Amino acid sequence: MGLFIAATKVHAFACSEILSRFEQSQPHMGTLARIVIYAPDKEAAVRAANAAFKRIQELEAIFSDYQNDSELNRLCQQAGKGPAPVSPHLFRILVQSQELAVASGGAFDITARPLVNLWRRARRQRAVPNPERVSQALHLTGYQHLKVDANAHTAHLTKPGMLLDLGGIAKGYAADEAIQSLQQAGIESALVALGGDVAVSQAPPGKRGWTIEIATANFQVEPKLKSLLLSNAGVSTSGDAEQFVEIDGVRYSHIIDPRSGMALTGRHSVTVVAKNATRSDALATTVSVMGAKGGIALVNAAPDSAVLLLEDTASGLQVWKSKKWQKLKTVE
Ligand code: AMP
Ligand code: MG
């Protein structure tokens, strides 16, 4: 009964009010957070957006690998010392990360931070890390060494020196949480973008969906492939468009294959559409590591996801689409 009343109210609200478009941006999580909403007036829009930005900031304080006192970094300091309690947000993101680590055979792996750090240094110094250091970092990497206890809500990094990195999933999670915060403020139609990770709720009034232009790096692809119409979904692009280094003519990405310890090479762009941005973010990183064959099979097996993969190969631009990509709505 309670549910019915709530649903009726939302409907009445949607019919009786004229909504206008508002847009705001703030720097968060090392990128620009952009919020677009439809709200009855400016005051409501600013209040709702501010609460959503605050939610993103709170999550950054939990997930950040840069902030020394983030909950994530405090958990890492407990590596090798036994299970430690974690907050609900950290718990949820760890569980989802571990599920994808298992499903991808370790292609997605949040324990790969020692490798990520090594390759970050390599990018700064423009020198490939020496194999000995790669093998040391590999020794500390492996999702099997991270134990998450669903009953006790604890996490245990079983090897001393292990480190976690949520860079492949946290922006999507924060975008989803911002959408939820906006919903709590009565905003039904919103878009939240954190760099290449976007979450959308209901379509703008009178529209079939939010128009999302996929950032396909410098690849020349037909516009139809790039412009999607989405609602209640997440969309993420991973690739080497922004963060990479070229050493001796080889282009090294910021995405690492945790199984070999090597940074990905070559030019690629992976866009995933999923039921939310946590999932699209993590899957886009995963498919980048797995490549076309394994990555598309993984996405085809997931009930709610679609992927577009562009790769620059010796024989020119290669385009791969998963089965459900063809069924997505596009701008006509
Ligand atoms: P994204 O831009 O979402 O593809 O995430 C890339 C970021 O995720 C990197 O900057 C690293 O912080 C982290 N990362 C790199 N490789 C992996 C991996 N194989 N699994 C999980 N996270 C990764
Ligand atoms: Mg990602």
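Just so it is clear, the structure is predicted and the values come from calculations on it, not from any experiment.

1. Some remarks on the nonpolar core
Here is step 1: Residues Phe63 and Leu90 are the most contacted members of the largest nonpolar core, which totals 61 residues.
Here is step 2: Look past the residues within four positions of Phe63 in its chain and what remains in contact with it is Met29, Leu72, His89, Leu90, Ile93, Leu166, Ala170 and Tyr173.
Here is step 3: Counting residues in each nonpolar core, the second largest holds 21 residues, with Leu191, Trp210, Leu225 and Leu328 among its members.

2. Some points on the domain arrangement of the chain
Here is step 1: Each domain of the chain was delimited in the assignment, giving domain 1 (1–65 + 167–207), domain 2 (71–157) and domain 3 (208–332).
Here is step 2: The partner domain 3 presents 18 residues to the 24 residues of domain 1 that form the contact.
Here is step 3: Summed over both sides, the interface of domain 1 with domain 3 buries roughly 1500 Å², with 56% coming from carbon and sulfur.
Here is step 4: Linking domain 1 to domain 3 there are zero salt bridges.
Here is step 5: Where domain 1 meets domain 3, there are 11 residue pairs in polar contact (both at pLDDT 80 or more).
Here is step 6: Contributing elements (two or more residues each) for the side of domain 1 that touches domain 3: strand E2 (31–39), helix H7 (170–184), strand E6 (190–194) and strand E7 (197–200).
Here is step 7: It is H7 that provides the largest number of residues to the side of domain 1 that touches domain 3, a total of six residues.
Here is step 8: The residue inventory of the side of domain 1 that touches domain 3, partitioned by class, reads 13 nonpolar, seven polar and four charged.

3. Section: the coordination of the magnesium ion (ligand 2)
Here is step 1: Coordination of the magnesium ion (ligand 2) by the protein comes from Gly168 (O), Asp281 (O), Asp281 (OD) and Thr285 (OG1), over a distance range of 1.9 to 2.5 Å.
Here is step 2: Mapped onto the polypeptide sequence, the residues donating to the magnesium ion (ligand 2) form the spacing pattern G-x112-D-x3-T. One end of the pair, Gly168, is in the loop between strand E5 (154–157) and H7; the other, Thr285, is in helix H9 (residues 277–301), with 117 residues separating them in the sequence. By the burial criterion, Gly168 is buried, and Thr285 matches it.

4. Some points on the layout of surface pockets
Here is step 1: Here the second largest pocket is characterised by a volume of approximately 240 Å³.
Here is step 2: Every residue lining the second largest pocket is counted, 16 residues in all, and those nearest its centre are Gln96, Glu99, Leu100, Arg279 and Leu283.
Here is step 3: Sorting the residues of the lining of the second largest pocket by element identifies helix H4 (88–103) and H9 as the ones contributing at least two each.
Here is step 4: Here the lining of the second largest pocket gets six residues from one element, more than from any other, and that element is H9.
Here is step 5: Classifying every residue of the lining of the second largest pocket gives nine nonpolar, four polar and three charged.
Here is step 6: Built from parts of two domains, the lining of the second largest pocket gets at least three residues from each of domain 2 (71–157) and domain 3 (208–332).

5. Some words on the sheet that holds E5
Here is step 1: Reading across from one edge, E3-E5-E4 is the order of the three strands in this open sheet, with antiparallel pairing throughout. In this open sheet, the two strands that pair with only one neighbour each are strand E3 (84–85) and strand E4 (146–149).
Here is step 2: Here E3 runs beside E5; their pairing, made up of two bridges, is antiparallel. When the sheet's bridge partners are listed, Ala84 is paired in E5 with Ala155.
Here is step 3: The sheet contacts of H4 involve E4 and E5, and relative to E4 the element is tilted by about 125 degrees.

6. Description of the site of ligand 1
Here is step 1: In the vicinity of ligand 1, 15 residues are found, and the nearest of them are Ala107, Asp165, Ser238, Ile256 and Thr285.
Here is step 2: Ile256 places a polar main-chain atom, nitrogen or oxygen, 2.8 Å from a nitrogen atom of ligand 1.
Here is step 3: Within the complex, the protein chains bury 93% of what would otherwise be the 510 Å² of accessible surface of ligand 1.
Here is step 4: Secondary-structure elements contributing two or more residues to the shell around ligand 1 are strand E12 (250–257) and H9.
Here is step 5: The residue inventory of the shell around ligand 1, partitioned by class, reads seven nonpolar, five polar and three charged.
Here is step 6: When residues are assigned to domains, the shell around ligand 1 turns out to be shared by domain 2 (71–157) and domain 3 (208–332), each giving three or more.

7. Quick notes on the sheet that holds E2
Here is step 1: Strand order across the open sheet formed by eight strands is E1-E2-E6-E7-E10-E14-E15-E16, with antiparallel pairing between neighbours. Each of the sheet's edge strands pairs with one partner strand only, and the pair in question is strand E1 (20–28) and strand E16 (316–321). For this sheet, the mean inter-axis angle between neighbouring strands, taken without regard to orientation, is 10 degrees.
Here is step 2: Here strand E15 (residues 306–313) pairs with E16 via six bridges, running antiparallel. Across the sheet, the residue bridging to Leu308 is Lys321, located in E16.
Here is step 3: Relative to E1, helix H2 (residues 42–63) is tilted by about 25 degrees, and along the sheet it contacts E1, E2 and E6.

8. Some thoughts on the side chain of Ser189
Here is step 1: Looking at where Ser189 falls in the secondary structure, it is placed in the loop between H7 and E6.
Here is step 2: We classify Ser189 as buried; its relative accessible area is 5%.
Here is step 3: A polar atom in the side chain of Ser189 sits 2.9 Å from the backbone oxygen of Gln202.

Calculation criteria
Residues numbered from 1 in each chain as written. Chains lettered and ligands numbered in written order. Predicted model: local features only at pLDDT ≥ 70, side-chain atom pairs only at ≥ 80, totals over all residues. Heavy atoms only, no water. Core = buried A, V, L, I, M, F, W, Y, C linked by side-chain atoms within 4.5 Å. Buried < 20%, exposed > 50% of the residue type's maximum accessible area, 1.4 Å probe, protein only. Contact = heavy atoms within 4.5 Å. Domains from an automatic or database assignment. Buried area = accessible area lost by both parts, 1.4 Å probe. Salt bridge = Lys/Arg side-chain N within 4 Å of Asp/Glu carboxyl O. Polar contact = N/O pair within 3.5 Å; in protein donor to acceptor, adjacent residues only side chain to side chain. Helix = DSSP H or I, 4+ residues; strand = E, 2+ residues; numbered from the N terminus. Nonpolar A, V, L, I, M, F, W, Y, C, P; charged D, E, K, R; others polar. Donors = N, O, S within 2.8 Å, 3.2 Å for Na, K, Ca; no water. 1 Å grid on protein atoms, 1.4 Å probe; cavity = no way out; pocket = protein on both sides within 12 Å on 5 of 7 lines; lining within 4 Å. Points joined across faces, edges and corners; volume = space filled by probe spheres on them. Pairing = 2+ DSSP bridges. Axes fitted to C-alpha atoms, helices over the stretch in contact; angles between N-to-C directions. Near = heavy atom within 4 Å. Areas by Shrake-Rupley, 256 points an atom, 1.4 Å probe, with all protein chains shown as cover.

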